[in-house]
Amino acid sequence: MTAEASPAQRGVGGRSQLVAGLVVAAIGAFALIAGWGLDLGALRRPGPGFFPLSLSVLLIAAGIAIAWRAAASVLAGRGEPWPDRAGARRVVTMIAALSAMTLFFESLGFVACAAGVTFVMLRFVGGRGWVTSAVFGVVLAACLYLMFARWLGVDLPTGILARM
């Protein structure tokens, strides 16, 4: 991105952030509605609806905060300029990685998908080295699996690891 952006460019960036915030809030609202009938459980033993409810409320709050801040910057004539090609490429890479995780979650399993997405994010979005990205991806995926599957008792798909 260039350091100097015209007022028109800055307005576009601010409006795009406003739309992004509203989309995040809408996704949170959809998740809230979709998980409304799930049992919340108790504080000591949360049910299957606890995590979706918590996440959807956080998404709604984050989306509103993003939209509010963007609206204020647009009204004040400030805002971030539209991303350059490299920024757009990083956004597309993140969307592609998360879409692939969604598509292959059952067949590959949680650990493989989480390790893969973490690797892609670190290597191709964050610019980290190959080894660092791979090691951190595997370690993070293993820690998340232990936390959710073992500690919290969430039934996660094992995918290809079940065949090993």
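Residue indices follow the written sequence of each chain, beginning from 1 at its first position. Only residues with pLDDT of at least 70 get local features here, since the model is predicted, and only at 80 or more are side-chain atom pairs given and counted; chain-wide, interface and lining totals rely on the full set of residues. Hydrogens and waters are ignored; side-chain quantities use all the structure's heavy atoms.

The next thing to look at is the overall build of the protein chain. Going along the chain from the N terminus, every DSSP run of H or I of four or more residues is numbered as a helix, and every run of E of two or more is numbered as a strand. Counting its secondary structure elements, the protein chain contains five helices and zero strands. Order of helices (α) and strands (β) in the protein chain, N terminus to C terminus: α-α-α-α-α. Relative to its 164 residues, the protein chain shows a buried fraction of 21%. Taking all contacts inside the protein chain whose residues are at least 6 apart in sequence as the whole, residues at least 24 apart take part in 64%. Between buried and exposed lies partly exposed: a residue is buried under 20% and exposed over 50% of the maximum accessible area for its type, with that area taken using a 1.4 Å probe on protein chains only. Contacts are assigned to residue pairs with any non-hydrogen atoms lying within 4.5 Å of each other.

A general feature of soluble globular proteins is that nonpolar side chains tend to end up buried together. Formed by Phe110, Ala114, Ala115, Ala141, Tyr145, Ala149 and Leu156, the largest nonpolar core amounts to seven residues. If sequence neighbours within four positions are ignored, tyrosine 145 has contacts with Phe110, Val111, Arg150, Leu156 and Thr158. For this analysis, a nonpolar core means a set of buried residues of the types Ala, Val, Leu, Ile, Met, Phe, Trp, Tyr and Cys, connected via side-chain atoms within 4.5 Å.

Another aspect to go through is the packing of helix 3 (residues 85-108) against helix 4 (residues 110-125). For every element, the axis is a line fit to its C-alpha atoms; helices are fit only across the contacting stretch, and the angle between N-to-C directions ranges from 0 to 180 degrees. Where helix 3 meets helix 4, the axes come as close as 8 Å, and the angle between the chain directions of the two elements is 170 degrees. It follows from the interaxial angle that helix 3 and helix 4 lie roughly antiparallel. Residue-level inspection shows Arg90, Thr93, Met94, Ala97, Leu98, Met101, Phe104, Phe105 and Leu108 of helix 3 in contact with helix 4, the latter providing Phe110, Ala112, Cys113, Ala114, Val117, Val120, Met121, Phe124 and Val125. For classification purposes, an angle smaller than 35 degrees is called roughly parallel, one larger than 145 roughly antiparallel, one from 65 to 115 roughly perpendicular, and anything else oblique.

Moving on, we come to the environment of alanine 72. Secondary-structure assignment places alanine 72 in helix 2 (residues 50-75). For the pair formed by alanine 72 and glycine 14, sequence separation is 58 residues and the distance between their alpha carbons is 8.9 Å.

Pairing of aromatic rings covers Phe, Tyr and Trp, the last counted by its six-membered ring, and requires centre-to-centre distances within 6.5 Å; plane angles under 30 degrees mean stacked, over 60 mean edge-to-face, and any other angle means tilted. Following the criterion strictly, the structure yields five aromatic pairs and no others. Pairing phenylalanine 51 with phenylalanine 148 gives two aromatic rings, centres 6.0 Å apart and planes at 70 degrees, and the pair type is edge-to-face. Here phenylalanine 51, found in helix 2, pairs with phenylalanine 148, found in helix 5 (residues 130-151); they are 97 residues apart in sequence, far enough to count as distant. The class for phenylalanine 148 is partly exposed, based on a relative accessible area of 21%. By way of ring pairs, the aromatic residues Phe119, Phe124 and Trp130 are connected into one cluster. Over the ring of phenylalanine 124 we find arginine 123; its NZ or CZ atom is 5.9 Å from the centre of that ring. Counting as a charge over the ring demands two things of the Lys NZ or Arg CZ atom: a distance within 6 Å of the ring centre and an angle within 35 degrees of the ring normal.

Time to look at the confidence of the model for the protein chain. On a scale of 0 to 100, pLDDT captures the predictor's confidence in every residue. With 88% of its residues at a pLDDT of 70 or more, the protein chain shows a mean pLDDT of 83. The spread of mean pLDDT over the elements of the protein chain runs between helix 1 (residues 7-34), the lowest at 77, and helix 4, the highest at 93.

The contact between helix 4 and helix 5 brings their axes to 8 Å, and the two run at 145 degrees. The hand of the helix 4/helix 5 crossing is right-handed. Within the contact between the two elements, helix 4 uses Phe110, Val111, Ala114, Ala115, Thr118, Phe119, Leu122, Arg123 and Phe124 and helix 5 uses Trp130, Ser133, Ala134, Phe136, Gly137, Val138, Leu140, Ala141, Leu144 and Tyr145. Throughout, a crossing is termed right-handed when the near helix is turned clockwise from the far one, and left-handed when it is turned anticlockwise from it by less than a right angle.

Take the side chain of threonine 118 next. Within the fold, threonine 118 resides in helix 4. The exposure class assigned to threonine 118 is buried, which follows from its relative accessible area of 14%. If sequence neighbours within four positions are ignored, threonine 118 has contacts with Phe136, Gly137 and Leu140.

Looking now at the layout of surface pockets. Computed from the structure, the largest pocket encloses a volume of approximately 940 Å³. Around the largest pocket, the lining is made up of 18 residues, and of these Phe51, Pro52, Leu55, Phe148 and Val154 lie nearest the centre. Those elements giving two or more residues to the lining of the largest pocket turn out to be helix 2, helix 3 and helix 5. Sort the elements by how many residues they give to the lining of the largest pocket and helix 2 lands first, with five residues. Each residue receives one of three labels: charged for Asp, Glu, Lys and Arg, nonpolar for Ala, Val, Leu, Ile, Met, Phe, Trp, Tyr, Cys and Pro, and polar for the others, Gly being one of them. Partitioned by chemical class, the residues of the lining of the largest pocket number 15 nonpolar, one polar and two charged. Those domain boundaries reflect an automatic or database domain assignment. Formed jointly, the lining of the largest pocket draws a minimum of three residues from each of two domains, domain 1 (14-71) and domain 2 (85-163). Cavity: a set of points on a 1 Å grid over the protein atoms alone where a 1.4 Å probe fits but cannot get out. Pocket: an open set with protein on both sides within 12 Å along at least five of seven lines, its lining residues, like those of a cavity, having an atom within 4 Å of a point. Grid points are joined across faces, edges and corners, and a volume is the space filled by probe spheres set on the points.

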